[in-house]
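# Fold and geometry: a report
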Amino acid sequence: MTKRTKRMLIMLGAVVLLIALLALGFFLHIRQLMASSPKPAPQTVSATTIRKADWQPHLASVGTLVAVRGVDVTSEIAGLVRSIHFKSGQEVTAGQVLVQLNADADLAQLRALEAAAELAASVLARDRQQFAVQAISQAQIDSDLADVKSRKALAAQQAALVDKKTIRAPFAGKLGITTVNPGQYLNPGDKIVTLQTIDPIYVDFYIPQKQLGGLQVGQALKLSSDAHADTAFAGKVSAISSKVDPATRNVQVEATVANPQRRLLPGMFANVHVEVGAKKQYLTLPQTAITYNPYSSTVFVVHPAPVPASRAAAPGSAGPAAPPPKAGELVVRQVFVTTGETRGDQVAVLTGLSEGQQVVTSGQIKLKNGSPVVISNVVEPRNNPQPTPQEH
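Residues numbered from 1 in each chain as written. Predicted model: local features only at pLDDT ≥ 70, side-chain atom pairs only at ≥ 80, totals over all residues. Heavy atoms only, no water.

Attention now moves to the overall build of the chain. A count of helical and extended segments in the chain gives three helices and 21 strands. Whereas a compact globule of 392 residues would reach a radius of gyration of roughly 21 Å, the chain reaches 45 Å, over 25% beyond that. Taken across its 392 residues, the chain has 29% of its residues classed as buried. Looking at the chain as shown, the accessible area adds up to about 24,000 Å², and 57% of this sits on carbon and sulfur atoms. A distance of 25 Å separates the average location of the 38 positive side-chain charges in the chain from that of its 27 negative side-chain charges. (Helix = DSSP H or I, 4+ residues; strand = E, 2+ residues; numbered from the N terminus. Rg over C-alpha atoms; globule rule 2.2 N^0.38 Å. Buried < 20%, exposed > 50% of the residue type's maximum accessible area, 1.4 Å probe, protein only. Areas by Shrake-Rupley, 256 points an atom, 1.4 Å probe, with all protein chains shown as cover. Lys, Arg positive; Asp, Glu negative; His and termini not counted. Charge placed at Lys NZ, Arg CZ, Asp CG, Glu CD.)

Right under this line is the structure:
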């Protein structure tokens, strides 16, 4: 090997060694920068501890309130209103007089028919005396008797006509608002006032046929209405239809609800919850704690960060090792869960969690596996099994 070749090899080795030293220095510098870079700041989230809760299975539906008895009070015959004996919205009893129509001419006609009936009865009595002495025939007595019955029937017919001029409440209940005034002429069938029996009151609703097996007469239910959002009304199933609607495959159900304060009115819609089966225990979370994805549902579980054993920097390394997690620092772990039924703001968790675990309820959008967190429950998501509308 010539001297020139040896010099070239030495120069090439020196260049390679220089490049290797530069690369090692650059790598150690980057490693030192990464080790000294600040850790991500903890994210502030709210969290709750998952617990078991009694869960009453129920069927939910939307129903319509219907009066036990309801009718528009009308006049059977025409007449002029003489007097009104009620006020709008009044409670009335069965048979109470509501409206009196003018019946002067009818009463006069009734008295004339009653007088004719009395005369026919007197004639029958005298003819019977004469028949006793064989002064008249049996045919005359029969004619007199028929005449008495006919005149009494005419008087009874007129009395019924007079009675129709007095319009009474057909049953006890609460009246609506009337627009009829004294002096007004009523035709047959004209509406006078609405009368409704609303204590108790019915609620009619529909349920799918697949839920029919869990329903029977006498089951308890709860009813709520947006008119009284803070009140739950108790009732019981009183009747189940004998057929299923072939168009919708739903069955009609009727329930009876106590309404002593008359707060529920016919025509209102109501949310109905029928209790079915025995109570069960489920792990429950606020629905805001669940992140729903096409592939599965997830939650973030909070737990203390693992603290590894401290160790010195590796020989030949530049700078200290990355700082270990602090004792007591909280981090999160994403967990897949299976959810079940919902109840108000709550959802039942069937698999994936165990009682006592702490779960993030808000702030999940800024988290990933291993993210450090700080828990602040100053503002917590709603977790009410029976929420009501809130005014803003």
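Moving on from the coordinates now.
When pLDDT is averaged along the chain, the result is 86, and 90% of the positions lie at 70 or above. Low confidence marks residues 311–322, where pLDDT is under 50. Its contacts with residues over four positions away, or in another chain, come to nine contacts. (pLDDT = per-residue confidence, 0-100. Contact = heavy atoms within 4.5 Å.)

On to the pattern of salt bridges. Taken as a whole and assessed by the stated rule, the structure comprises six salt bridges. Between R262 and E91 there is a salt bridge, and its shortest N-O distance comes to 3.2 Å. With R262 in the loop between β13 (250–257) and β14 (269–275) and E91 in strand β5 (residues 91–92), the pair connects residues that are 171 residues apart, well separated along the chain. For R262, a relative accessible area of 28% puts it in the partly exposed group. Judged by relative accessible area, E91 falls into the partly exposed class, the value being 38%. Of the charged contacts, one joins D199 and R262 as a salt bridge, the two residues approaching to 3.5 Å between their closest N and O atoms. (Salt bridge = Lys/Arg side-chain N within 4 Å of Asp/Glu carboxyl O.)

The end-to-end C-alpha distance of helix α3 (residues 138–164) is 39 Å, a good match for the 39 Å that 27 residues give at a rise of 1.5 Å each. The set of residues buried in α3 consists of I141, D144, V148, A155, Q158 and V162. (Expected span 1.5 Å × (residues − 1).)

A few words now on the side chain of T197. Within the element layout of this structure, T197 appears in strand β10 (residues 191–208). The exposure class of T197 is buried, given its relative accessible area of 9%. With near-sequence residues (within four places) excluded, T197 lies in contact with A67, V68, R69, F171, A172 and G173.

The next subject is the sheet that holds strand β6 (residues 97–101). Pairing is antiparallel in the open sheet, where four strands are placed in the order β7-β6-β4-β9. Edge positions in the sheet fall to β7 (166–168) and β9 (185–186), since each has one partner strand and no second. With three bridges connecting them, β6 and β7 associate as antiparallel partners. Directly across from V97, in β7, lies its bridge partner R168. (Pairing = 2+ DSSP bridges.)

It is the contact of helix α2 (residues 104–132) with α3, at a shortest axis distance of 8 Å, that shows an interaxial angle of 160 degrees. For the element pair α2 / α3, the angle class is roughly antiparallel. Seen from above, α2 lies across α3 with left-handed handedness. In the contact of α2 with α3, the residues fall into 18 nonpolar, four polar and eight charged. (Axes fitted to C-alpha atoms, helices over the stretch in contact; angles between N-to-C directions. Parallel < 35°, antiparallel > 145°, perpendicular 65-115°, else oblique. Left-handed = near helix turned anticlockwise from the far one by under 90°. Nonpolar A, V, L, I, M, F, W, Y, C, P; charged D, E, K, R; others polar.)

What follows concerns the environment of K366. With respect to the helices and strands, the residue K366 is situated in the loop between β20 (358–362) and β21 (372–375). A relative accessible area of 40% means that K366 is categorised as partly exposed. Taking C-alpha positions, K366 is 7.5 Å from Q43, a pair spaced 323 residues apart along the chain. Leave out the neighbours within four places in its chain, and K366 touches Q43, T44 and V45. From its side chain, K366 meets the backbone oxygen of T44 in a polar contact 3.0 Å long. (Polar contact = N/O pair within 3.5 Å; in protein donor to acceptor, adjacent residues only side chain to side chain.)

With that settled, the discussion passes to unusual backbone geometry. At the junction of D199 and P200, the peptide bond is cis and its omega measures out at 0 degrees in the coordinates. Tracing the sequence through the fold places P200 in strand β10. Backbone geometry places Q134, a non-glycine residue, at a positive phi of 65 degrees. Looking at the element boundaries, Q134 is found in the loop between α2 and α3.

What follows deals with the pairing of strand β4 (residues 79–84). Across two bridges, β4 lies against β9 in antiparallel orientation. Across the sheet, G79 pairs through a bridge with L186, a residue of β9.

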